[in-house]
Structures are given as structure tokens and as C-alpha cells.
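Summary of the model geometry
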Amino acid sequence: MKKFGNLLDVLPGVLRNYSFPIFYADGAAAASLSSSAAAINNNNSTESQRRIVPPILGQSSNTGIQNNSAARLAAAFRKARKLPPLNKMVAEEFQGDNLSNYIANFCRWAANTPVPHRFDEDLGAPDSNKCLGSETKIQYIGKHLKDLRLNIVPKHPDFDGLKDVDRDHPTWWTDLRTRYADEADRFKAKNPGDEVFGHPDVIPLYRDLRHRRGGKDVDWIPDDPRVMVDVRMVMLSLVKKKSTHDSNIEFANWVYDIFDACGRGGEVKFQNYNDWRFDYLLQVVDAPWQETKVLDCYARACLPDDDWLFDFYVMKGAFYMCELGLFRTEEQVKKGVEHAVYPSLHSISDNSVAKKISNILTQEVGKKLGKDWEDLERITSRGLRSGSISQLSMYPGISVFEATALTGHSIGNLRSYLDQRNIVKALPAANALHENKSLYTEPVLPTLKSINAGPGGANEEAFKKLVQHMFTVSIEDFQPGHKHYIILVTCALSLIRHYQDIISECGPGNFITSQLFMHAKNARITDGGSPYNPYTNTAIVIERWSSLIKEDIRCRQKVKDAEALKSDHTNSTLVGLLTSIATDVEDQKDQSAVLVRDLATAKSSQMQMIEQLEASRVSLATLEAENASLKQQLKAEKDKYHALSRFVKESTLKNPDKTTSSEQQAPPVGQKRHLDFGGDEVSNDVEMTLGNALEETTVSNSRGLSSALAETTQEVATMPQAVNVNPPSSSSVAHHITGQANSNNLTKSSSHTNASLELNQNNEPVGDKGKRFLSMLLELANMGLVKPGI
């Protein structure tokens, strides 16, 4: 690489003898262009910075093209740095050490900037993605330095004593070329595939910047929109708009994995379940990260998190549950991707994967800040690695060895003495990225014991049934009894742990919790305890489990944090105090469990009393309805009573001599009487049923009426046989009163009876007493106070 950097020193002497300055359109040197040189100069250039290369004897056309390209590269650099154009450069810009600083910035920019093979000063490359090599770019920088030396600052102190413009160079230029080569090689190895032409630096994507914009994910755009751009915003946007037929949760997992591993965009495709293992001592999943281009692989500790979007088990559990992340078709098995974490990336090159992820990031940020945001193209997958490494390096107390255990950076020969696959070495960096209180804290995972400890808990078999409903699994390692089943159980518990958190941020109709509730309902997850236990509804059970898991993790985490601080001898007193407090917390937890059970019993009793009260309210309402009905009936009977009273009163006024009859003469109510008028015997079976529902106060009045009716009946009985109420031909119909139809006949006949009685065959008139009896009987029947007998 060094001999390429010194290429100018080994050029043939004939070319050095014909070295020349580079002139610009408004420069002091003037020369006429040949047709070929003019064509070269006008290629991909603007009027303000057009290169004018005078024809020089012995100069090849390739050398002229290189001079033009060198000028274009310098123009692109100055434009990116917002410096005056080439034709406006003045000597004052490069006074003193400003010259060396200018060239150093040029080298750094060129080493970290992808430059298209055919480019303009905007570094546009519409027809090619082939880049200039690092050797070519350092040659162009050397040509630009020569131009400055010959035309802008020929008397600069850095050039004092240097006679040969091609052989003699300032010492800082020799050092810069060596450093440039190392930087360019590092950029090529560490950032493959997702370079953006024209933007040497990318915007680092940090974990969460909400504390910099008011503590919450606000919708307004501040003065600097970049404070809105972080990993959490991108992942939340993907999850919130998740629907049935997209792969948004898988996309969010790509972003999460790259950030969590401090990895490069294309490397996520190499994740494989065969490399995973669960460490039962440390309680972490080791999902090693591979750098295939440098044959490197190092441990990666996957941790839970208080923020559900950065909880490894939540993200993987959502992927497995919502997008069948553990199901493989026969075709996928045949292709050898059964154990690939992301089979969809198998047929895509790592460079294309990096660009795909960059497009996802750009799309989500564009939705938030607008597609015309000037820095949108600087959002790439490289920003994930840049942000995570920056955040990792800022964690207090982390050493370079602990950081590089996760980032994979070279630390010289010392790395060969480190066990890169040792998960213990990767744990501190993982704790730093997850913003845990101590670098050496062991993670606290949710367990089935968490939800068995209190009311609303599930037994092991019920929970296994829920896991079967949640995940469709075709990979044997994730089946019960196999090595990765513990990961699946932890994913289910973690989704339940953050159930309420997900609803709070994504709304009650979000895809993740809707799927979880559906599977829990299908599995019939309810409490199997007391029939009056309040935690019988599926949604209430899940919410209760979520609270129990969170409380259990909070208490155990405090103990773990206290134990982790024991290694810090300067805080031994504080450690002892915290350990004592943690022990007290455990005791209080046991007491709280008893109180919780008692509270649950009290709630059960309360629920029982509420149910009984509700039943009493229903009974009371029924009784009130019956009481209202009885009141209506009583009112109706009272109306009948008042009508009868008026009738009796009127009858008494008309016949005062008959109202004082003895009560003993009154026939019993409902008694059948046979009226004999001589000759043909007529059966007058009149059953007088006078309102059994009437109040007792009506009895005396009805008795008086009965007495009057009895006397009238006796008088009719003593009448001569010649008198008959109806003609013989119709007597059996007229005097046998039955049902409603005969009542109507009585009503019709009452009008004739009130007018005059019919005469018998001898035309002899009926007595006054018989007439009065029949009239009263018909009126009582019409009023509904007398029921005809059978």
C-alpha cells in the first residue's frame, strides 16, 4: 500500500520534467485549448470551476484526464466543506498550519467518502455504482497540493528548502499519505455495501433521544430535526403500523439486532439458530455476531429491557407470534435455511441487505420529517453502528476491552489473548447498551413462578397450552424439551410483562397485543380458583399477570444490583446498606404476598356480596312490578265497587220499602234458583258471583241488595201460572244465561225489558215485582257485577 502512496515519486523522469500547473477559467495563466483537451475539460464540470489544462509536450491524454478528475475531486471536497470554489481560492486561506489542516481534512474526507468512478462535483453517479479506489484518490489529492504549491501559495513556509516539486514534500504530507491508506482500508472493511455518494459522514442513530426533546415522543419538529431521529422512533413507527400482510416486525428486528450488536447492516443475514445457546448461569441468550469478510465471530449477550422496544425477548416473541418467525416450509428446509433466523435474506447479498435496511430507515424517518429533509440521505444502516458504539463508549467505567468484546474493533495483538466467544466478556457492553445500573449485573428474566405467586396465577400446564397457541413452530430446537424451548417460554412471559406498555404506546387495537389476547382467549386462560375470584376474565388475567411479573422483576433486580456493587470496595458501606435493604424487601415481599391473598379473598367476598345485592335488586324490581299490578287490579275493583254502590243507592231510592229486609232472607251468593211460573218450568240458573276481590266493606251493601232480590224472587214465584216472561218457543234460550254471547243477548234484551214486558199467550201483564227483578238482573250483568251461571 505504501508504494502506491508514493506513486508520484516513482513516475518516469520524463513525465516529471513536464510537470505543469492546473489553471482555472478565471486564473492568471491563459492558454488556448486543443479540441481534445476542451472536450475533456467540459466533461462533467460547471462553468465556475472548469479546468483548463494547457497542452504540454510529451503529456499523454490519460495524464490530462487525471488532472481534470483531480480538479473535480477538489471541487467536490470544497463544496462539501462549504468553501469558496476553486477559482475563488486566495493565499490567505492557507496561511501557516492551515495548509496542512486543509490537506488533512481532504484526506479524511476522501478516505471515508465513496466517490463514483465517473463523478461530478456533486459526486453524482446516475449510471454506475463503481467507486474510485483509495490509491486513485490519494493521487488526485497530491495533484491538488501541487497546484496549490505552484499557483496559490508558492512562498508558503512549508515549502521552504524544497526544490523539486515532485520529489521534495513537506514531512506532514508523507505522514498523511500513510495514515490515509490505513483510514481508507478501514472504511472499506468496516462499511461495506451501504455507502452514500456525496455524504462522507452519516447521522448516528442513538437508542433514544426522548429526554432531549421533552421526555416523550412529541409530534412537533424542533429547530434541529435530528433530535427526532433515533432507533426507538424508527422501530415504534414500524410496529405501530403493523398489519396482517406486511413484515414490519421482521424489519424492526433487523434494526434492533444491528444496533444491539454494534454490527454492520449486511451482517444481520448471517444470524443462525445453530449458533445460539442459552446460558443458564448468566440467564442470557448468546447469539454470536459474525463478520464473514474478516472471518471474525464474537459473543453477543441478548438481554431483557424495561423498554419493550429494546427487550430482545419481546422483539423476537412478536416476530415469532405475529409473522410465523419459527415456521419453515418444505422448500425452505430444502434450501438449507431452516435454522436461519431471517430466511428472507438468504438469497440477498450482504451489501444489498445493508442497502435494504438503509431504505427502511430512510423511509421511516422521511415519514416523520418529510421526504425533502436535506439530511435524509445521511440516514443509513451505518448510523446504527455509529450510534451504538458512540453510546457504548460514553458509559461510565467501561474499558476498551469490554467495549471491543461487542464491537469487534481491533486492539492489536491483545485481541488474540481474549476469548471472543466468552459470553462473560460480552455482558458488560450489553449492560451498557441497555442502560443498566451496573456493567456486571446479571439479567433478571421473567419466570413462570412470577405468575404462580399470587391470585390470577396459572399452573404450568395452562401456560404451556398458551405457548402452543401463541407460536407456530416447525424448528425442532424450539419444541418442548429441546435446547431453545426456554427462549420461547421467556418470549411469551416477556410479551405478557409488557402487555400494558405496548397498549399504552400503540393503542388497544395494535397487532401484537390483539394477537396475544386472541391466543389467550382461545387457550381459555382464566383462573381456576374460587368461582367468585375476580380474575376470571381473560383480559383481566393477562393484565394481572403483567403486574405480577413486573413487580417480581423489580424486586429481584434490586438484589442483583446490590450484589453487583460488591466488587466496588470504595462503596462497601453502601453495598452493605443496599444488601440489608434488599433483604428487607424480600421479607416485605413475602408479607405482601400474604396481604395480596387476603385482599383477593376480601375481593372475592365483595364480589359475592355484589352478586347477592344485584339479585336482591332484581327481586325487588319484580316485587315492585307485581305490587303495581295489584294496585291496578285494586283500583279496578274499587271502581266496580263504587259503581255497585251507586246502583244500590239508586235502587234504594226507587224502592225504599225493600231495602230494610232482614239479612237472613238474602239468598247465598252463587246459589241457583228455579223460577216456576206454572205450566212450563223454566230453569233460570243464575249464578251471581259478586267480585271476590272487592273489599270487605262491600259485603253489607251487597247483602242488602241480595235481600231485595230475594223478596222480588219470592213475589215472582207466587205469580199466577199464566204469566210468562218469554214466549214458550224461546224460553229455553232466553232464560239459560251462559258465557259472553248470552250476556250480549241479555244486554240486547235489557232495552226491551226496560220499556215493557212481553205478554203471555193470554196477554196478561207481568207483576211489578217480576219486572223490577229482571231489570236489576240485566243491569248487574251489563256492569260485570253478576256472572251468568251454567
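Residues numbered from 1 in each chain as written. Predicted model: local features only at pLDDT ≥ 70, side-chain atom pairs only at ≥ 80, totals over all residues. Heavy atoms only, no water.

**Examining the overall build of the protein**
Condition: Each helix corresponds to a stretch of at least 4 residues labelled H or I by DSSP, and each strand to a stretch of at least 2 residues labelled E; elements are numbered beginning at the N terminus. Relative accessibility decides the category of a residue: with a 1.4 Å probe and only protein chains considered, values under 20% of the type maximum give buried, values over 50% give exposed, and everything between is partly exposed. Contacts were defined at the residue level, with two residues in contact if any of their heavy atoms lie within 4.5 Å. Values of accessible area rely on a 1.4 Å probe in the Shrake-Rupley scheme; residue burial ignores everything except the protein chains shown.
For the protein, the count of helices and strands is 26 helices and seven strands. Across the 790 residues that make up the protein, the buried fraction comes to 45%. Here the analysis covers contacts within the protein between residues at least 6 apart in sequence; of these, 71% occur between residues at least 24 apart. Accessible surface for the protein amounts to roughly 40,100 Å². Of this, 53% is attributable to carbon and sulfur atoms.

**Comments concerning the packing of aromatic side chains**
To keep it simple, the criterion reads: Each aromatic pair joins two rings of Phe, Tyr and Trp (for Trp, the six-membered one) with centres within 6.5 Å, and gets the label stacked for planes under 30 degrees apart, edge-to-face for over 60, and tilted for any other angle. Comment: the charge-over-ring label is applied if NZ (Lys) or CZ (Arg) is within 6 Å of the ring centre and within 35 degrees of the ring normal.
Enumeration over the complete set of coordinates arrives at 16 aromatic pairs. Where F106 meets W109, the ring centres are 6.2 Å apart and the plane angle is 50 degrees; that geometry is what we call tilted. Taken together, the residues F106 and W109, both in helix α5 (residues 98–111) and three residues apart, mark about one turn of the helix. The exposure classification of F106 matches that of W109, with both residues buried. Taken together through their ring pairs, the aromatic side chains of F251, W254, Y273, W276, F312, Y313, F319, Y320, Y342 and F478 make up a single cluster. Lying over the aromatic face of F310, R207 brings its terminal NZ or CZ to 4.3 Å of the ring centre. In this arrangement the basic side chain of K242 is found over the ring face of F511, its NZ or CZ atom lying 5.2 Å from the centre.

**Remarks on the nonpolar core**
Our working rule: Definition used in this section: a nonpolar core is a set of buried Ala, Val, Leu, Ile, Met, Phe, Trp, Tyr and Cys residues joined via side-chain atoms within 4.5 Å.
One finds Y320 and F463 to be the most contacted residues of the largest nonpolar core, which totals 99 residues. When sequence neighbours within four positions are dropped, the list of residues in contact with Y320 reads Y273, W276, G325, L326, F471, F478, L488 and C491. By size, the runner-up hydrophobic cluster in this structure holds 34 residues, among which are A76, C107, Y140 and L176.

**Remarks on the packing of helix α18 (residues 485–497) against helix α21 (residues 538–564)**
The cut-off we apply is this: To get an axis, a line is fitted to the C-alpha atoms, and for a helix only the part in contact is used. The angle between two axes follows their N-to-C directions and goes from 0 to 180 degrees. For classification purposes, angles smaller than 35 degrees are called roughly parallel, those larger than 145 roughly antiparallel, those between 65 and 115 roughly perpendicular, and all remaining angles oblique. Under the scheme applied, nonpolar residues are Ala, Val, Leu, Ile, Met, Phe, Trp, Tyr, Cys and Pro; charged residues are Asp, Glu, Lys and Arg; polar residues are all the others, including Gly.
At their nearest, the axes of α18 and α21 sit 8 Å apart, and the two run at 100 degrees to each other. Overall, the two elements α18 and α21 adopt an arrangement that is roughly perpendicular. Where α18 abuts α21, its residues L493, I496 and R497 lie against I542, W545, S546, I549, K550 and I553. A class-by-class count of the residues in the contact of α18 with α21 yields six nonpolar, one polar and two charged.

**Focus: unusual backbone geometry**
You will see that K82, though not glycine, has its phi angle at about 60 degrees, which is positive. Mapped onto the elements, K82 comes out in the loop between α4 (61–80) and α5. By relative accessible area, K82 is classed as exposed at 76%. Positive phi values are uncommon outside glycine, yet Q283 reaches one of about 60 degrees. Within the fold, Q283 resides in the loop between β3 (277–279) and β4 (284–286).

**A few points about the sheet that holds β3**
Applied cut-off: Being paired, for any two strands, means DSSP has found at least two bridges between them.
In space, the three strands of this open sheet follow the order β3-β4-β7, with antiparallel pairing throughout. The two strands at the open ends of the sheet, each matched to only one other strand, are β3 and β7 (301–302). Strand direction decides the pairing type here: β3 and β4, joined by three bridges, are antiparallel. Of the residues in β4, the one forming a bridge with D279 is V284. Helix α10 (residues 312–322) contacts β3, β4 and β7 of the sheet and is inclined by roughly 65 degrees relative to β4.

**Remarks on the pattern of salt bridges**
Stated precisely, the cut-off is as follows: Salt bridge, as used here, is a side-chain nitrogen of Lys or Arg placed within 4 Å of a carboxyl oxygen of Asp or Glu.
By the definition in use, this model includes 29 salt bridges. Close ionic contact of R497 with D311 constitutes a salt bridge, the shortest N to O distance being 3.8 Å. One end of the pair, R497, is in helix α18; the other, D311, is in the loop between β7 and α10, with 186 residues separating them in the sequence. Each member of the pair, R497 as well as D311, carries the same accessibility label: buried. The partner of K640 in a salt bridge is E637, with the nearest N and O atoms 3.9 Å apart.

**A closer look at helix α19 (residues 499–506)**
Put simply, the rule reads: Read the arc as the range of directions from the helix axis to the C-beta atoms.
Among all positions in α19, only Y499, I502 and C506 are buried. Down the axis of α19, the buried set is contained in an arc of 70 degrees. They therefore lie on one face. Among the structural elements, α8 (231–240), α18, α20 (511–522) and α21 are those in contact with the buried residues of α19. Of the residues trailing α19, G507 is marked for its positive phi of about 90 degrees.

**Some words on the confidence of the model for the protein**
Where we set the bar: pLDDT: the predictor's confidence for each residue, scored from 0 to 100.
Model confidence for the protein is summarised by a mean pLDDT of 74, while 66% of its residues fall at 70 or above. Mean pLDDT per element in the protein: strand β1 (residues 23–24) is the minimum at 33, and α10 is the maximum at 97. With pLDDT under 50 throughout, residues 1–61 is counted as low confidence; its partners more than four residues away or in other chains account for 93 contacts. Segment residues 528–532 is flagged for pLDDT under 50; beyond a separation of four residues in sequence, or across chains, it makes four contacts in the model.

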